[in-house]
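Tertiary structure, described
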There are 2 protein chains.
Amino acid sequence: MDLDDRKLKILQAIIKNYLETGEPVGSRTISKYTDLNLSSATIRNEMADLEELGYIVQPHTSAGRIPTDKGYRLYVDTMMQEKVDEVNNMRDDLLEKADRMENLLQQVAKLLAANTNYATMVTTPKYRSRKIKFIQLTDVDAYQVLAVIVLEGNIIKNRMFRSDVALVKEDVLKLNLALNTFLQGLDIEEINIGLVQKLKSQVGAYQELVSEILDAIATAIQEEGDIRVYTSGATNILKYPELSDMNKARDILSTLENKEELTQFVESGDIKPDEKRGIQVYIGDETKVDSMKDCSVVTATYEIEEGIYGKVGIIGPKRMDYERVVGTLQNMMGQLDDIFKNKKP
Amino acid sequence: MDLDDRKLKILQAIIKNYLETGEPVGSRTISKYTDLNLSSATIRNEMADLEELGYIVQPHTSAGRIPTDKGYRLYVDTMMQEKVDEVNNMRDDLLEKADRMENLLQQVAKLLAANTNYATMVTTPKYRSRKIKFIQLTDVDAYQVLAVIVLEGNIIKNRMFRSDVALVKEDVLKLNLALNTFLQGLDIEEINIGLVQKLKSQVGAYQELVSEILDAIATAIQEEGDIRVYTSGATNILKYPELSDMNKARDILSTLENKEELTQFVESGDIKPDEKRGIQVYIGDETKVDSMKDCSVVTATYEIEEGIYGKVGIIGPKRMDYERVVGTLQNMMGQLDDIFKNKKP
DNA sequence: GTTAGCACTCTTTAAAGTTGAGTGCTAATA
DNA sequence: TATTAGCACTCAACTTTAAAGAGTGCTAAC
């Protein structure tokens, strides 16, 4: 027995209906609301076959059928025809409020949540490495100095330091020069003890200060390497009865709140294969996150420049509206492309 | 009929028991587990009185009693004796991970949530006004310039700008000087059109750039004036059955996620009256937030310097362990005081 | 190959009955 | 006069039973 065209059509109808209602779908429903013109009995026979093939199951003997993960998978892979999403003016909303990367990403999460009624996540871009572009010291007053550290890719970090000895303007300039000479263009691994010693030997009374600054630089590079995750619309999860069981809901919400497990999606998945925006669909157990075994996650990849990319994800029930979600994500990725190309925030 | 000592003792016993169990408390329980040595019948008589006085109610005729908001209020105001909390090494945890204000506050929220099993919120400090301390322009390359804006209180903001005309090193220095001459020490209201015109007339080809920078400064000051709110442990709410009703839970979690309504607690309440750390207890409707009418919120005030303060809040069920919460908060406020006094992050 | 028809299964919902915690009141007691 | 024992009463919560309804699988006819 194989999956012929008619079986495929029936499976599609079952899934579509289940996506809408969240209720098991019976043979009569399919018989009435498709143009196949088959009686419910015939549908029943076909359904029995589809069940044997593993695409659908009955929650209990006298109930309709619901799709299995395998069924959803087939649907997503072959049957779904993407719907171009109507959310067109997201971009204006984005530009209006967000003029910096972090805000922008947070805004993206928020907009998607508002538009889809699912939970959303956005990760910060992942860089391969981070080199020091330059360091700028400024004396704020006699005992305080401001250090601005600029990393490759124009990531800017600043820290205020307090010196024990009174600062001399010329010394600060010299220090600035020394730091830049030694550190410019270096990655964190390249800052070794020898280098630090050599640097310290040149700075006279400011050894303490230099130490602190070096620490700060290390921290800055480190934390820029970490992927941060923004989420939004977590409470949308509670809108779907099949996830609203107190224990499931707590687990899912807690995963969303803690965020660590979500970075998992950054590692996995292809990276932007063709113009499909690297869209990836994880169904149930495919998420590899235990608390999400009753959810599906759809992720897309955005790229801010060659090789530097992050992920946007939509988290909902397995019966999420895949077409709409994929459409919305493609749309959003397009908007992000525009923004990153034209006007770097 | 008035509230004599015995009634008070009984009320206290009822509330204590209810805080622990979350179940209505019957006369027999009180009779057995207090040292009053009274029969359940006597307790019943007293309970009837307490009900008439408005301190307790019965959820239904044949149930035990639970405290009313008025009952909780009396308890919090007069009967509660603060327990010094055992969470002593929070401070080390704090200092280890957090070297910047935002991180620190987020960390505070997280720690409190982990230690209390309630949801928590922390607001950023509220400043009365924000003056420009100085501005530092640096040319990154021929077309990009980095502006670092330092506000009073050492708030640092930075932005990268792209210039249409190629940048000349000396010009950037001049621009820097001009900006500082005109803007240093000014608040946002003081930057008027006349001033802007005058400034622009001095900068030759860089008018466009100056415009952008001024905009950025305005935005920076503005957003620093906004109070941000960090929350943590929102999912703890779901641990309490009386809040786990799907609708209540959604409303509360959604309030916590959106955060706007939470700033409400910053406005209200006394500001640090004596060494009680400005601890304030809002019970049920007292929160003035509709979704929280079944919750209590305990807030405390931290002060980073004279007159600049923010709030820390614990959000839980009405039957939250007030003593422990107040103790924990006082402890935490103490730790924060230490940190802000010794080592400004 | 398709379909009508029917017995069967199993969830869902409602109704009815049972239990038990806790009350209020009364009359007896210290 | 304050306290207590005792008892009838109430009501939510749980259990049991019954009925309804949706949907299936199978058989026999088309």
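Keep in mind it's a predicted model, so treat the numbers as computed, not measured.

Taken together, 21 residues are adjacent to DNA strand D, and A:Ser27, B:Arg6, B:Thr42, B:Thr61 and B:Ser62 come closest. Put simply, 72% of the atoms of DNA strand D that lie within 4 Å of the protein are in sugar or phosphate. A:Arg44 has a polar side-chain atom sitting 3.0 Å from a base nitrogen of DNA strand D. In this structure, a base oxygen belonging to DNA strand D sits 3.3 Å away from a side-chain N or O atom of B:Arg44. Listed by contribution, the elements that provide at least two residues to the surface near DNA strand D are helix 3 (40–53) of chain A together with helix 3 (40–52) of chain B. By residue number, the principal contributor to the surface near DNA strand D is helix 3 of chain B, which donates four residues. Of the residues belonging to the surface near DNA strand D, the class tally is four nonpolar, 13 polar and four charged.

This part takes up the side chain of A:Lys157. Residues and elements named next belong to chain A. Its place among the elements puts Lys157 in strand 6 (residues 155–162). Judged by its relative accessible area of 14%, Lys157 falls in the buried class. Sequence-distant contacts of Lys157, that is, excluding residues within four places in its chain, are made with Ala147, Val148, Ile149, Ala220, Glu223 and Glu224.

What follows deals with the interface of chain B and chain A. If you look at the interface, chain B gives 30 residues, while chain A gives 30 residues. Across the chain B to chain A interface the summed buried area is about 2900 Å²; carbon plus sulfur atoms make up 58%. Linking chain B with chain A are zero salt bridges, by the criterion used here. Contributing elements (two or more residues each) for the side of chain B that touches chain A: strand 4 (132–139), strand 5 (144–151), strand 6 (155–162) and helix 10 (246–258) of chain B.

Glancing now at the pairing of strand 6 of chain B. Judged by how many residues are buried, strand 6 of chain B sits mostly within the fold: six of eight residues are covered. In this antiparallel pair of consecutive strands, strand 5 of chain B and strand 6 of chain B, the connection spans three residues, and B:Gly153 shows a positive phi of 90°.

Residues and elements named next belong to chain A. Running from N to C, helix 8 (residues 193–200) and helix 9 (residues 207–225) cross one another at 145°; their axes reach a closest spacing of 10 Å. For the element pair helix 8 and helix 9, the recorded crossing hand is right-handed. Of the residues in helix 9, those touching helix 8 at Val196, Leu199 and Lys200 are Gln207, Val210, Ser211 and Leu214. The class makeup of the residues in the contact of helix 8 with helix 9 is four nonpolar, two polar and one charged.

The next subject is the pairing of strand 3 (residues 119–123) of chain B. Residue and element names in this part refer to chain B. With five of five residues buried, strand 3 is to be regarded as a mostly interior element. In terms of strand pairing, strand 3 meets strand 10 (residues 308–317) through four bridges, oriented antiparallel. From the neighbouring strand, Thr120 faces strand 10, where its bridge partner is Ile314. Inspection of the sheet shows strand 3 paired to strand 7 (residues 229–232) by four bridges, in the antiparallel sense. Bridge pairing in strand 7 links Thr120 to Ser232.

This brings us to the pattern of salt bridges. Using the criterion set out here, one finds 26 salt bridges over all chains in the structure. Ionic pairing is found between B:Asp49 and B:Lys7, a salt bridge with its closest N-O pair at 3.4 Å. Of this pair, B:Asp49 sits in helix 3 while B:Lys7 sits in helix 1 (residues 5–21), and the two are 42 residues apart along the sequence. Here B:Asp49 falls in the partly exposed class, since its relative accessible area comes to 21%. Ionic contacts of the salt-bridge type, sharing partners, join the residues A:Asp4, A:Arg6, A:Lys7, A:Glu46 and A:Asp49 into one network.

Now for the protein's contact with DNA strand C. Not every one of the 21 residues close to DNA strand C is listed here, only the nearest: A:Arg6, A:Thr42, A:Thr61, A:Ser62 and B:Ser27. Sugar and phosphate atoms form 74% of the subset of DNA strand C atoms that lie within 4 Å of the protein. Contact distances for DNA strand C include 2.6 Å between a phosphate oxygen and a side-chain N or O atom of A:Thr42. At 3.1 Å from a base oxygen of DNA strand C is found a side-chain nitrogen or oxygen belonging to A:Arg44. Looking at the surface near DNA strand C, the elements with two or more residues in it are helix 3 of chain A together with helix 3 of chain B. With four residues, helix 3 of chain A is the largest single contributor of residues to the surface near DNA strand C. Residues that form the surface near DNA strand C fall into these classes: four nonpolar, 13 polar and four charged.

To continue, consider the sheet that holds strand 5 of chain B. All names here are of chain B. Strand order in this open sheet of three strands is 4-5-6, and the pairing throughout is antiparallel. Each end of this open sheet is capped by a strand with a single partner; those strands are strand 4 and strand 6. On average, each strand axis in the sheet is inclined to that of its neighbour by 15°, with strand direction left out of account. Note: strand 5 against strand 6, eight bridges, orientation antiparallel. Bridge assignment links Leu146 to a residue of strand 6, and that residue is Met160. Packed onto the sheet, helix 9 (residues 207–225) meets strand 4, strand 5 and strand 6 and runs at close to 150° relative to strand 6.

Positive phi, normally seen in glycine, also occurs at A:Lys288, with a value near 65°. Mapped onto the secondary structure, A:Lys288 falls in the loop between strand 8 (280–283) and strand 9 (295–305). At B:Lys259, a position not held by glycine, the phi torsion is positive, near 75°. Inspection of the secondary structure assignment puts B:Lys259 in the loop between helix 10 and helix 11 (264–267). A relative accessible area of 26% means that B:Lys259 is categorised as partly exposed.

Overlaying chain B on chain A yields an RMSD of 0.1 Å, the required transformation being a rotation through 180° with an accompanying axial translation of 0.0 Å. Seen this way, the second copy is the image of the first under a two-fold rotation axis.

Each value, and the rule that gives it
Residues numbered from 1 in each chain as written. Chains lettered and ligands numbered in written order. Predicted model: local features only at pLDDT ≥ 70, side-chain atom pairs only at ≥ 80, totals over all residues. Heavy atoms only, no water. Near = heavy atom within 4 Å. Polar contact = N/O pair within 3.5 Å; in protein donor to acceptor, adjacent residues only side chain to side chain. Helix = DSSP H or I, 4+ residues; strand = E, 2+ residues; numbered from the N terminus. Nonpolar A, V, L, I, M, F, W, Y, C, P; charged D, E, K, R; others polar. Buried < 20%, exposed > 50% of the residue type's maximum accessible area, 1.4 Å probe, protein only. Contact = heavy atoms within 4.5 Å. Buried area = accessible area lost by both parts, 1.4 Å probe. Salt bridge = Lys/Arg side-chain N within 4 Å of Asp/Glu carboxyl O. Pairing = 2+ DSSP bridges. Axes fitted to C-alpha atoms, helices over the stretch in contact; angles between N-to-C directions. Left-handed = near helix turned anticlockwise from the far one by under 90°. Least-squares fit on C-alpha atoms with pLDDT ≥ 70 in both.

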